[in-house]
Amino acid sequence: MLKIERQSFILHQVNLHNKVLSTDLSKQMKVSDDTIRRDIQQLADDGKVIKFHGGALSPSFHNNHSSSKDVYAYTQKKIIAQKAISIIKDGMFVLTTGGTTIIEMARALPPELHATFISGSIPALAEYIVHPNIEVIAIGDKISKDSKITVGSDAISRIKELKVDLCILGISAINLETGVSDNDWEVVQIKKAMIAASQKVACLTISEKINSRQPFQVCEINKIDTIVTELSAEDALLAPYKSVGIKVL
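Predicted, not measured: the structure shown is a model, and the values here were computed from it. (Residues numbered from 1 in each chain as written. Predicted model: local features only at pLDDT ≥ 70, side-chain atom pairs only at ≥ 80, totals over all residues. Heavy atoms only, no water.)

1. Section: the overall build of the chain
Our working definition: Only runs of H or I of at least four residues qualify as helices and only runs of E of at least two qualify as strands under DSSP, and these elements are numbered from the N terminus. Here the globule rule reads 2.2 Å times residues to the power 0.38, and the radius of gyration is calculated from C-alpha atoms. Burial classification: accessible surface area is computed with a 1.4 Å probe over protein chains only, and a residue below 20% of its type maximum counts as buried, one above 50% as exposed, and the rest as partly exposed. The contact rule is simple, with two residues in contact once any of their heavy atoms fall within 4.5 Å. Surface accessibility follows the Shrake-Rupley procedure with a 1.4 Å probe radius. Residue values consider only the protein chains on display as shielding.
Secondary structure assignment for the chain yields 10 helices and 15 strands. Its C-alpha radius of gyration of 18 Å places the chain within 12% of the 18 Å reference for a compact globule of 249 residues. Projected onto its principal axes, the C-alpha coordinates of the chain cover approximately 55 × 40 × 35 Å. Here the chain holds 249 residues, and 54% of them are scored as buried. The long-range fraction of contacts in the chain, counting pairs at least 24 apart against all pairs at least 6 apart in sequence, stands at 62%. Put simply, the chain shows about 11,400 Å² of open surface, and 52% of that area lies on carbon and sulfur atoms.

2. Looking at the domain arrangement of the chain
Accessible area lost upon the coming together of the parts serves often as the stated size of an interface. In plain terms, the rule: Domain ranges listed in this record stem from an automatic or a database domain assignment. Buried area is calculated as the accessible area (1.4 Å probe) missing from two parts once they are joined, with the contributions of both summed. By definition, a salt bridge exists where a carboxyl oxygen of Asp or Glu is found within 4 Å of a side-chain nitrogen of Lys or Arg. Polar contact is defined as a pair of N or O atoms within 3.5 Å, subject to the rule that within protein one atom must be able to donate a hydrogen and the other to accept it, and that residues adjacent in sequence are counted only when both atoms are side-chain atoms.
On domain assignment, one finds that the chain holds domain 1 (3-62) and domain 2 (69-248). If you look at the interface, domain 1 gives 14 residues, while domain 2 gives 17 residues. Between domain 1 and domain 2, roughly 1,500 Å² of surface is buried when both sides are summed, and carbon and sulfur atoms account for 51% of that area. Across the contact surface, domain 1 and domain 2 share 1 salt bridge. The shortest N-O distance in the salt bridge between Asp-184 and Lys-19 comes to 2.8 Å. Where domain 1 touches domain 2, the interface holds 7 residue pairs in polar contact (both at pLDDT 80 or more). Elements with a contribution of two residues or more to the side of domain 1 that touches domain 2: α1 (3-17), β1 (19-21) and α4 (59-62).

3. Focus: the sheet that holds strand β9 (residues 164-170)
To summarise the sheet geometry, strands pair through backbone hydrogen bonds and adopt either a parallel or an antiparallel arrangement. For clarity, the cut-off: Note: two strands are recorded as paired if DSSP finds a minimum of 2 bridges between them. Lines fitted to the C-alpha atoms define the axes, with helices restricted to the stretch that makes contact. Angles between their N-to-C directions range from 0 to 180 degrees.
Strand order in the open sheet formed by 7 strands is β6-β5-β4-β9-β12-β14-β15, with parallel pairing between adjacent strands. With one partner strand each, in any of the chains shown, β6 (135-138) and β15 (247-248) form the two edges of the open sheet. Helix α6 (residues 100-108) contacts β4 (93-96), β5 (116-119), β9 and β12 (198-204) of the sheet and is inclined by roughly 130 degrees relative to β9.

4. Some words on the sheet that holds strand β11 (residues 179-182)
In spatial order, the strands read β10-β11-β13; together these 3 strands make up an open sheet with antiparallel pairing. Of all the strands in the sheet, just β10 (173-175) and β13 (216-219) have a single pairing partner and so form its edges. This sheet shows a mean twist of 35 degrees between the axes of neighbouring strands, independent of strand direction. Here 3 bridges tie β10 to β11, and the two strands are oriented antiparallel to one another. The residue of β11 that forms the bridge with Asn-175 is Gly-179.

Structural data, given as structure tokens:
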């Protein structure tokens, strides 16, 4: 694989998942870790990614999504956000992760909605607190600088004390065989606790992440009640998920 092809692949994976690990990229492209590190360094020097020890981050995710033109698949995520708000009802207690799609959903919440939102995502909390009629609860603990979400044992303990109506997850990958997966071990533990604390679980994802997989499993597919994508609910890509009882929007 040529360098331009490798770097194009890396950039696409960063845009798609917000964060990538060098070890995963090395396995996917069948090149050495040193080659990946050099490619990431060049992409970082060009301002296309943010390098960290062990991988790379999307600049748009790291910089709080300040400009829509910098957010990957922005149009699709706006569609997902509009669909997602239809499952949030007055009086609900809603637990959410972070991520670019969650941010768009937070911005789309209708002003007349009365609900309680609980999150450890700093960017999501920043959107929730400007809403006129929702109550906001922050889950405290150590903040992951990569994901901008609180992680660690204290956060997990707080989440375990909850029993909420709905958990809304921004996800990195989903497929029927292994369910929902991610590439950040600490965030995976938070998501596991959120799912266990919720009566219903909804996943927000662009269709490009469907039938993909990341290294760490969040949950099996039978833990998911609803999948929200930019596609029509009748799209053939979603049919297998409907066949196992998942509602698709």
